[in-house]
Amino acid sequence: MSDNRYVVGGMDGWLKVKREPSGVVVALPEFTKVDVTSSQNGRDHFIVQEGVERGNPFSVIAGHLKAGNPGYRAPANLEFSLSRGLLTFLGGQVKAVTHTRNPIPAGLHPVQIPDFPHSLGEGYMAQSRYAKTWFYLGQGHAVRGNNDRYLHPGSVSAGCITVDPSMWTSLYQYLIRCRSGNAKTVGSVSVVR
């Protein structure tokens, strides 16, 4: 048995799953594409098809993976204006900032599929239930503690693109269904002066 399905996230957009065979629990972002390989003992076993866990085997209680494309969109083409403090996307504009002495560099940056729930977003959950979902802006995988740059909600920036938390939900709902076709990114952001 083998068929494509998609992760149904919880209230915060994440689904806890078990890595096989270790049983270590990790979280996958909603709408992640997976290939179900078997169903037994009330659990679906699958291989992740995209994002940082691509190619890895997991299992989850049956019923948390949905058949049928979740409504994927074309790749996102965002623009972040440093001077105006605005991030523009197909669905509108949101206020955003970066650190004045360590701004995100001008140019084109890939926007990756979310990697893991970010605990620094917990303080903004009252403004957006998706506040723990951040999008890495770079090549390869983010390295914790290495001043990685993300697109995320917040009120303070260390060099990321930090979006007004009250506006995060609309941007998140747009980005989470965008795909570039490379199993890694949802699109790109152009940073302009």
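What counts, and where the lines are drawn
Residues numbered from 1 in each chain as written. Predicted model: local features only at pLDDT ≥ 70, side-chain atom pairs only at ≥ 80, totals over all residues. Heavy atoms only, no water. Phe/Tyr/Trp six-rings, centres within 6.5 Å; stacked < 30°, edge-to-face > 60°. Helix = DSSP H or I, 4+ residues; strand = E, 2+ residues; numbered from the N terminus. Buried < 20%, exposed > 50% of the residue type's maximum accessible area, 1.4 Å probe, protein only. Pairing = 2+ DSSP bridges. Salt bridge = Lys/Arg side-chain N within 4 Å of Asp/Glu carboxyl O. Contact = heavy atoms within 4.5 Å. 1 Å grid on protein atoms, 1.4 Å probe; cavity = no way out; pocket = protein on both sides within 12 Å on 5 of 7 lines; lining within 4 Å. Points joined across faces, edges and corners; volume = space filled by probe spheres on them. Nonpolar A, V, L, I, M, F, W, Y, C, P; charged D, E, K, R; others polar.

**A look at the packing of aromatic side chains**
Reasoning step 1: By the definition in use, this model includes 7 aromatic pairs.
Reasoning step 2: Ring centres of Tyr6 and Tyr72 lie 5.6 Å apart, and the angle between their planes is 85 degrees; on these two criteria the pair is classed as edge-to-face. Placement of Tyr6 in strand S1 (residues 3–7) and of Tyr72 in the loop between strand S7 (65–66) and strand S8 (76–81) is noted, with a sequence separation of 66 residues between them.
Reasoning step 3: With centroids separated by 4.0 Å and ring planes inclined at 15 degrees, the aromatic side chains of Tyr130 and Tyr172 adopt a geometry described as stacked. In this pair, Tyr130 sits in the loop between strand S11 (107–112) and strand S12 (135–136) while Tyr172 sits in helix H1 (residues 168–175), placing the two residues 42 residues apart along the sequence. Summarising the burial analysis for this pair, Tyr130 and Tyr172 share the class buried.

**Points about the pairing of strand S9 (residues 86–89)**
Reasoning step 1: By the bridge criterion, 3 bridges tie S8 to S9 in an arrangement that is antiparallel. Looking at S9, one finds that Phe80 is bridged to Leu87.
Reasoning step 2: Here S9 runs beside strand S10 (residues 92–97); their pairing, made up of 4 bridges, is antiparallel. Bridge pairing links Leu86 to Lys95 in S10.

**Some details on the pattern of salt bridges**
Reasoning step 1: Evaluated as defined, the whole model comprises 5 salt bridges.
Reasoning step 2: Salt-bridge contacts for Asp3 lead to Arg5; the nearest nitrogen and oxygen are separated by 2.9 Å.
Reasoning step 3: Assessed through its relative accessible area of 24%, Asp3 is described here as partly exposed.
Reasoning step 4: Note that Arg179 and Glu50 form a salt bridge whose closest N and O atoms lie 3.1 Å from each other. Of the two residues, Arg179 is situated in the loop between H1 and strand S15 (185–192) and Glu50 in the loop between strand S5 (43–48) and strand S6 (57–61); the sequence distance between them amounts to 129 residues.

**Comments concerning unusual backbone geometry**
Of all residues except glycine, most have a negative phi; of all peptide bonds, most are trans.
Reasoning step 1: That bond from Glu20 to Pro21 is cis: its omega, 5 degrees, falls within 30 degrees of zero.
Reasoning step 2: Here Pro21 lies in the loop between strand S2 (14–19) and strand S3 (25–29).
Reasoning step 3: We note that Phe31 has phi near 70 degrees; this positive angle belongs to a residue other than glycine.
Reasoning step 4: Here Phe31 is to be found in the loop between S3 and strand S4 (33–40).

**Thoughts on the environment of Gly154**
Reasoning step 1: Its location among the elements puts Gly154 in the loop between strand S13 (150–153) and strand S14 (161–163).
Reasoning step 2: Sequence spacing of Gly154 and Gly23 is 131 residues, and the spatial spacing of their C-alpha atoms is 33 Å.
Reasoning step 3: Those residues within four positions of Gly154 in sequence are excluded, and the remaining contacts are Tyr124, Thr162, Val163, Asp164 and Pro165.

**Comments concerning the pairing of S5**
Reasoning step 1: Where S4 and S5 come together, 6 bridges link them in antiparallel fashion. Across the sheet, residue Val34 finds its bridge partner in S5, namely Val48.
Reasoning step 2: Linkage of S4 to S5, two consecutive antiparallel strands, is achieved through a turn of 2 residues, within which Asn41 is found at a positive phi near 55 degrees.
Reasoning step 3: Direction of pairing for S5 relative to S6: antiparallel, over a ladder of 5 bridges. What sits directly across from Arg43, in S6, is Ile61.

**Overview of empty space enclosed by the protein**
Reasoning step 1: Throughout the structure, instances matching the rule amount to 1 cavity of 30 Å³ or more.
Reasoning step 2: Here the largest cavity is characterised by a volume of approximately 60 Å³.
Reasoning step 3: Ala27, Leu28, Pro29, Thr32, Val48, Glu50, Gly51, Val52, Glu53, Ile113, Pro114 and Asp115 are the residues that line the largest cavity.
Reasoning step 4: Of the residues forming the lining of the largest cavity, the biggest block, 3 residues, is contributed by S3.
Reasoning step 5: In terms of residue class, the lining of the largest cavity is built from 7 nonpolar, 2 polar and 3 charged.

**Some points on the sheet that holds S5**
Reasoning step 1: An order of S3-S2-S6-S5-S4-S1-S7 is seen for the 7 strands of this open sheet, with the pairing classed as antiparallel. Each of the sheet's edge strands pairs with one partner strand only, and the pair in question is S3 and S7.
Reasoning step 2: Both S1 and S4 contribute to a ladder of 4 bridges, which runs antiparallel. The residue bridging Asp3 from the neighbouring strand is Val36, located in S4.

Functional significance is not addressed by these values, which are geometric in nature.
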